Structure formats: C-alpha cells, structure tokens
Amino acid sequence: RLLHRVALNAMRRGELELAKRLAEESLELHVKVGDRFGEAEAVGALGAIARDLGENERAFELIERSASLAQEARVRWWVMGMRLELAQLALAAGRTEEAEQRARDALQMAAEMRRAASGSVRGGSGARSRRNRSARPTAAGYAIARRAKRVSSPQRGPDFERGRAAGRDWMLDDAVEHVLSDG
C-alpha cells in the first residue's frame, strides 16, 4: 500500500505521469498477490489521475472498476467513496440526473454504514471504525454540490460553487444528515 500512497502524493504535487507509473506498478503488485482491495485502491488512483489529465471517460471507467473491485473485497466505505466520485464526474460532464442518482445512492450507503456502525457500538461488539465515523471532507463536498444543483439551475453557477466550497469543510456524517433530512 505504500506505493499507492507515494503515487497519490505525486498526484497531489501535480506530477501526473510519475503518479500514473507508480499507480500502475502498485496495481501490478496487487494483482500478482491477489489483493482485491489493493487493486481497487490502485485503479481508483489511476481514475483520479485520468480525471486530473482531463480524460473524463477513462476516469469514469476506472473509478467504476475500482468500485466493483471494492465491492468484491467487501470494502463498503471505498465503494461509497467511488460512487461519490462517479457522481462528481457525471456532474462535471453535465449529466445532472445521473449525478444526482449516484450521489443519492452513495449517501444512502453512507447512512446504512453509519447505522450499522452505531448499532455495533450499542451492541457492545467493538469500537466503531474510524472510517465509519467520518470520511474525506471531499465526499461531503460532493453531497453539497448535488444539493446546490438541486436548489439552483442545473447549470453551474454562483450558488453551485458556493455550495460546493462550503461542503468541502463538512464531515461526511454532517453532510449525509443534512441532505437526507432535506428530502
């Protein structure tokens, strides 16, 4: 998993070609050892890199594949994150109905995971997972972006951008509660 993290770090620095090579190498290693979740992470990184390179359809394919691999590995929090990323890609491509449906599906999954995690705490079966308590603030941003799209026109405008910017500071639990309570 270290190689995957180095690839993400290179991506964040804008060194996309290096990031792509490292993520591909990470993918090869995870395939070789049969680590499905490792494959999901590497494919997801390749999807993010494709997105940053402006290859949106390729990004969509890779992130969809990452979600599928994570589903096979039974890593629900990763599936949810990839679904949110797919919603963001669909929104960026102007496919607003698809984006909203994907965001709603991901948010529903987040709510189910939250209920399951809080049920296991009440049941005394162990500590709640750190990943279930909170998630990447960017995931919350996607939820808010979807809400902003719904209350304004389907086109990106000032309301949309304000909603997306505000949502980036939210934790996932807060965004899920806000969006689901809004109906």
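The structure we're discussing is the one just above.
Quantities reported herein were computed from a predicted structural model and do not represent experimental measurements.

Trainee: Before we go on, may I ask you to explain the packing of helix α3 (residues 36–52) against helix α5 (residues 76–92) in this structure?
Mentor: When two helices pack together, their arrangement is given by the angle between the helix axes and by the axis-to-axis distance. Between α3 and α5, the least distance of the axes is 12 Å, while the angle of their chain directions is 15°. Our classification of the angle between α3 and α5 gives roughly parallel. With respect to the hand of their crossing, α3 and α5 are arranged in left-handed fashion. Side by side, α3 and α5 meet where F37, A40, E41, G44 and R51 of the first sit next to W77, W78, M82, E85 and L89 of the second. Looking at side-chain class alone, the contact of α3 with α5 contains 6 nonpolar, 1 polar and 3 charged residues.

Trainee: Teacher, can you tell me more about the nonpolar core here?
Mentor: Nonpolar side chains tend toward joint burial in soluble globular proteins. Formed by 37 residues in total, the largest nonpolar core has its most connected members in M11, A23, A40, I49, W78 and M80. Of all the elements in the fold, those that place two or more residues in this core are α1 (2–12), α2 (16–33), α3, α4 (56–73), α5 and α6 (96–122). Residues in contact with I49, not counting those within four places in the same chain, are M11, L16, A19, K20 and A23.

Trainee: Looking at this structure, how should I read α4?
Mentor: Residues separated by three or four positions in an α-helix point in the same direction, a consequence of the helix having 3.6 residues per turn. Over its 18 residues, α4 extends 25 Å from the first C-alpha to the last, a length consistent with the 26 Å expected when each residue adds 1.5 Å. When we look at burial in α4, the residues that qualify are A59, F60, L62, I63, S66, A67, L69 and A70. Immediately downstream of α4, the backbone of R74 shows phi near 60°, a positive value.

Conventions adopted
Residues numbered from 1 in each chain as written. Predicted model: local features only at pLDDT ≥ 70, side-chain atom pairs only at ≥ 80, totals over all residues. Heavy atoms only, no water. Axes fitted to C-alpha atoms, helices over the stretch in contact; angles between N-to-C directions. Helix = DSSP H or I, 4+ residues; strand = E, 2+ residues; numbered from the N terminus. Parallel < 35°, antiparallel > 145°, perpendicular 65-115°, else oblique. Left-handed = near helix turned anticlockwise from the far one by under 90°. Contact = heavy atoms within 4.5 Å. Nonpolar A, V, L, I, M, F, W, Y, C, P; charged D, E, K, R; others polar. Core = buried A, V, L, I, M, F, W, Y, C linked by side-chain atoms within 4.5 Å. Buried < 20%, exposed > 50% of the residue type's maximum accessible area, 1.4 Å probe, protein only. Expected span 1.5 Å × (residues − 1).

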